[in-house]
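A look at the structure
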Amino acid sequence: MKEMLYKAVEWIARIHDGISRINDNGQYGFTDKQLHFFVIGILGLGLTMLLYPLFKALVRHEKALTITWIYVFTVLIVITFAIEIGQGFTHTGTMDFDDIVSGIFGFVIFFAIFALIRGIIHLISYLIHRYDR
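Residues numbered from 1 in each chain as written. Predicted model: local features only at pLDDT ≥ 70, side-chain atom pairs only at ≥ 80, totals over all residues. Heavy atoms only, no water.

For the coordinates displayed, the defined rule picks out eight aromatic pairs. Centroid distance Phe81 to Phe97: 6.1 Å. Interplanar angle 65 degrees. Geometry classified as edge-to-face. Taken together, the residues Phe81 in helix α3 (residues 64-90) and Phe97 in helix α4 (residues 97-132) connect sequence positions 16 residues apart. On the basis of relative accessible area, Phe81 is assigned to the partly exposed category, the value being 26%. Considering the side-chain rings of Phe111 and Phe114, the 6.0 Å spacing of their centres and the 55 degrees angle between planes classify their relative orientation as tilted. With Phe111 and Phe114 both in helix α4, this residue pair falls three residues apart, about one helical turn. (Phe/Tyr/Trp six-rings, centres within 6.5 Å; stacked < 30°, edge-to-face > 60°. Helix = DSSP H or I, 4+ residues; strand = E, 2+ residues; numbered from the N terminus. Buried < 20%, exposed > 50% of the residue type's maximum accessible area, 1.4 Å probe, protein only.)

What follows is the structure, given as C-alpha cells:
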C-alpha cells in the first residue's frame, strides 16, 4: 500500500508539472487559482461521471456497505494527510508518510473484522429464517 501511495503522489506531481509547463510555455497565462479551478473542476466532474453509474448499480444491488467503505476510505485519506501536514506546520509531531499508510491500513483491518462479523450475523439470521419456513 505504501508503494501505491508513493506512486500516486509521484503521478500527481508529474501531472502538476506538465500542466504548469503547458501553462507557462503557452499563451494561456492562467493564475494558480484559475488552474486549480479548472483542473479540480474537470477532475471532479470526470470522477462524478465515472462513479455515478457504479454507485447507482451498487444501490440497485443493495451494496450500501460498499458505498460506505469507498466514502469513508476517501475521507480518511484526506484526514490522514491533513493530520500529517498539520503536524509539519505546527511542529506537534513528525510529518511521516508511514503514519498515513499505518492509519489507512488500520481502517482496512478494522473494517474487514466488522464486515466479517456482520457477514456471520447475516448468515445466522438467514439460516434461522430459512429453518423457520
